[in-house]
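Results of the structural survey
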Amino acid sequence: MSNTHGASRVVALVPAAGMGVRLGENKPKAFVHVGGSPMLTLAVQGLIASGSVDEVVVMVPAELVDETRALLPVSPTPVHVVPGGAERTDSVRAGLDAAPDAAFVLVHDAARALTPPALITRVVDALRAGALAVVPALPVSDTIKSVDAAGAVTGTPDRSGLRAIQTPQGFDAELLRAAYATGTQATDDAGLVELLGTTVQTVTGDAMAFKITTPLDLVLANTLVAQGGNSADSREAVATR
């Protein structure tokens, strides 16, 4: 059940128009099945299960709007489907346009289909506590190298100060609208907000919120769902992969 807070309404935007090229699929990645259900369905179910979201807006290719509506769960939390755009940023803009009354906005990757509801709640709680921008983060376990155009190593950053960022990323709605109004590009929504000089806070991420991008990721996700999805054993399997 959603938490309706009047002036502090939380709307989750789920861009789902990207193609599953790296998965070897010829359809939008969000429609690829994990454990018998489309990733998009699982991602939306997780948002609803958190109890922290008042509305969900899904952005898909225009020709898939009706099909998508049939895939999404029926719940007391309103779930709307709107046409997305050619680029992810275009889809997020369409989602923002469809949520004019949002006080807070979450932007969530459908490909992070196994994201635990508790992680979603952590992001929303941080927003309600006063943060303007919040991202889930995990320590980086691999050694990271910077390289030049020829592939030669130019440095080894101290990984203690590095984090891998997940979704949902949460924002004050007006801040995110202002960031998108600049027309600049970044690799994620938080990057756009950073360019405005706003501090982005982190909350503890979760290994289960990994992004299903490659065929190996898909195998792992299906295996985890078969094992019970969010069990302690599943978390350990992802954390050590």
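Conventions adopted
Residues numbered from 1 in each chain as written. Predicted model: local features only at pLDDT ≥ 70, side-chain atom pairs only at ≥ 80, totals over all residues. Heavy atoms only, no water. UniProt positions renumbered as here; feature names shortened; annotations may be inferred. Helix = DSSP H or I, 4+ residues; strand = E, 2+ residues; numbered from the N terminus. Buried < 20%, exposed > 50% of the residue type's maximum accessible area, 1.4 Å probe, protein only. Salt bridge = Lys/Arg side-chain N within 4 Å of Asp/Glu carboxyl O. Pairing = 2+ DSSP bridges. Contact = heavy atoms within 4.5 Å.

- Under the annotation held in an unreviewed UniProt entry, the protein carries the name 2-C-methyl-D-erythritol 4-phosphate cytidylyltransferase and is attributed to Nocardia huaxiensis.
- Looking at the Function (unreviewed entry) heading of the UniProt record, one finds this comment for the protein: "Catalyzes the formation of 4-diphosphocytidyl-2-C-methyl-D-erythritol from CTP and 2-C-methyl-D-erythritol 4-phosphate (MEP)."
- UniProt's Catalytic activity (unreviewed entry) comment on the protein is quoted here verbatim: "2-C-methyl-D-erythritol 4-phosphate + CTP + H(+) = 4-CDP-2-C-methyl-D-erythritol + diphosphate".

**A few points about the UniProt feature "site: Transition state stabilizer" (unreviewed entry) in the protein**
- Per the UniProt record, "site: Transition state stabilizer" (unreviewed entry) is found at Arg-22 and Lys-29.
- Structurally, Lys-29 is set in the loop between β1 (10-15) and β2 (33-34).
- For Lys-29, a relative accessible area of 14% gives the class buried.

**What about the pattern of salt bridges?**
- Using the criterion set out here, one finds 8 salt bridges in the structure.
- Here Arg-9 and Glu-55 are joined by a salt bridge, their closest N and O atoms 3.2 Å apart. Of this pair, Arg-9 sits in the segment before β1 while Glu-55 sits in strand β4 (residues 55-60); the two residues are 46 residues apart in sequence, bridging distant segments of the chain.
- By relative accessible area, which is 17% here, Arg-9 ends up buried.
- Look at Glu-55 and you get buried, because its relative accessible area is 6%.

**Remarks on the pairing of strand β6 (residues 104-107)**
- Alternating positions in β6 separate into two faces, Phe-104 and Leu-106 on one and Val-105 and Val-107 on the other, with burial throughout.
- In the sheet, β1 pairs with β6 via 4 bridges, with the strands oriented parallel. Residue pairing for β6: Ala-12 is matched across the bridge by Leu-106.
- Both β6 and strand β11 (residues 169-172) contribute to a ladder of 4 bridges, which runs antiparallel. Each residue of the ladder has a partner; that of Leu-106, found in β11, is Gly-170.

**Thoughts on the UniProt feature "site: Positions MEP for the nucleophilic attack" (unreviewed entry) in the protein**
- Feature annotation in UniProt assigns "site: Positions MEP for the nucleophilic attack" (unreviewed entry) to the following positions: Arg-159 and Lys-211.
- Look at Arg-159 and you get partly exposed, because its relative accessible area is 38%.
- In contact with Arg-159, not counting residues within four places along its chain, are Val-140, Ser-141, Asp-142 and Thr-143.
- Structurally, Lys-211 can be placed in the loop between β12 (201-204) and α7 (215-226).
- Classification of Lys-211 as partly exposed rests on a relative accessible area of 33%.
- When residues no more than four places from it in sequence are discounted, the contact partners of Lys-211 are Lys-29, Asp-109, Ala-111, Arg-112 and Asp-217.

**Here we look at the environment of Pro-136**
- Of note, Pro-136 is situated in strand β7 (residues 133-139).
- What makes Pro-136 buried here is its relative accessible area of 0%.
- Separated by 33 residues in sequence, Pro-136 and Gln-169 place their C-alpha atoms 6.9 Å apart.

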